[in-house]
Amino acid sequence: MLWSVAGDVRALFMLPAALTMQVAHPAIGAGVDDHSVFRTDPWGRGERSLRSVQLWIYGGERAAEEGRRLRALHKEIQGSDAHGRRYHALNPAYYAWVHATGYPVYRHGLRYLARPLTEAQERQLYAEWLRVGRVLGIHDRDMPQTIEEFWPYYRRVLDEELEATVVVRELLDADAPVPAPDRGPLPVRLALRLLWPLLRGPFQRARAFLTVGFMPPDARAAIGLDWTPAQERRLRRLGLAARAVVPLLPERLRYLPLAREARAEARRQARRG
């Protein structure tokens, strides 16, 4: 299932919700607040995060290398959270929560952007997500091994841990000073830099809408995020458009680069075999 879901362009709509649920944990939010470049290099950080997620699914041998790279990267990240509690990025509970957020976000977002999962598909998706966790170095003892075990764990983290951290509030702030995009062809970068004073506000409002909309309602409530019936109707219209348009796109537009490469290589191997 992840082979089809994770590389589809619709996954871009869901990724900010998972990232925001991660930093709603005080320890993870503090780590990002203290050590991340998300304020000074948001586009580079976003690109690197997306590539990392894609490597987990489509990287083959590179997936294990990426898992080791991430653990090495987080080895020295430590400090104190807003409540004065010590944290370390590789604390098994914190590292597992970062990974765990993907499953409920995929499950929720696919209801809008594709179709609701059957019970069998939910189980399959969770089993595949566990396998990805092992690639990242997460031990089975640190992650619930079935969806029956996952939901009590998930609700406990929501009830006892999550809050509107400084990083959450900043990510959802339409007035935050986000720099102009610095990726893509030079003419595009120059045009965006010129127009960014006009585009920044609408972009950040759209990002906040997608972030909160594709976050499961119980996570929204735990963090204290508002969501209105009018916003729900807008999200449903967006989902309807995505379901109608994206399946009709050619593969080069429907799938992200690493996913396209992996799918093409799989076809080549099938022809050889």
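Summarised in this report is the structure supplied together with it. The structure presented is a predicted model; accordingly, all values stated were derived computationally and were not measured.

Side note on helix α3 (residues 26–35)
And step 1. The buried fraction of α3 is high, at 7 of 10 residues.
And step 2. Lining the buried residues of α3 we find α2 (11–23), α4 (42–58), β1 (78–80), β2 (86–88), α6 (92–100) and α10 (166–171).

As for the layout of surface pockets
And step 1. By volume, the second largest pocket amounts to about 300 Å³.
And step 2. Lining the second largest pocket are 15 residues; nearest its centre among them are V5, R10, L110, A114 and R115.
And step 3. Looking at the lining of the second largest pocket, its residues break down into 9 nonpolar, 2 polar and 4 charged.

Focus on a nonpolar patch on the surface
And step 1. A contiguous nonpolar patch, built from L194, L195, L198 and L199 and spanning about 420 Å² of accessible area, is present on the exposed surface.
And step 2. Mapped onto the elements of the fold, L194 is located in helix α11 (residues 186–213).
And step 3. The exposure class of L194 is exposed, given its relative accessible area of 69%.

Notes on the packing of α4 against helix α5 (residues 61–74)
And step 1. Their axes nearest at 7 Å, the elements α4 and α5 cross at an angle of 135°. Comparing their axes, α5 and α4 come out oblique. As for the relative orientation of α4 and α5, their crossing is left-handed in sense. Residues R51, S52, L55 and W56 of α4 touch α5, and the partners they reach there are R62, A63, E66, R69 and L70.
And step 2. For the contact of α4 with α5, a count of residues per class yields 4 nonpolar, 1 polar and 4 charged.

The rules behind these values
- Residues numbered from 1 in each chain as written.
- Predicted model: local features only at pLDDT ≥ 70, side-chain atom pairs only at ≥ 80, totals over all residues.
- Heavy atoms only, no water.
- Buried < 20%, exposed > 50% of the residue type's maximum accessible area, 1.4 Å probe, protein only.
- Helix = DSSP H or I, 4+ residues; strand = E, 2+ residues; numbered from the N terminus.
- Contact = heavy atoms within 4.5 Å.
- 1 Å grid on protein atoms, 1.4 Å probe; cavity = no way out; pocket = protein on both sides within 12 Å on 5 of 7 lines; lining within 4 Å.
- Points joined across faces, edges and corners; volume = space filled by probe spheres on them.
- Nonpolar A, V, L, I, M, F, W, Y, C, P; charged D, E, K, R; others polar.
- Patch = residues over 30% accessible without salt bridge, like charges linked within 9 Å, V, L, I, M, F, W, Y side chains within 5 Å.
- Areas by Shrake-Rupley, 256 points an atom, 1.4 Å probe, with all protein chains shown as cover.
- Salt bridge = Lys/Arg side-chain N within 4 Å of Asp/Glu carboxyl O.
- Axes fitted to C-alpha atoms, helices over the stretch in contact; angles between N-to-C directions.
- Parallel < 35°, antiparallel > 145°, perpendicular 65-115°, else oblique.
- Left-handed = near helix turned anticlockwise from the far one by under 90°.

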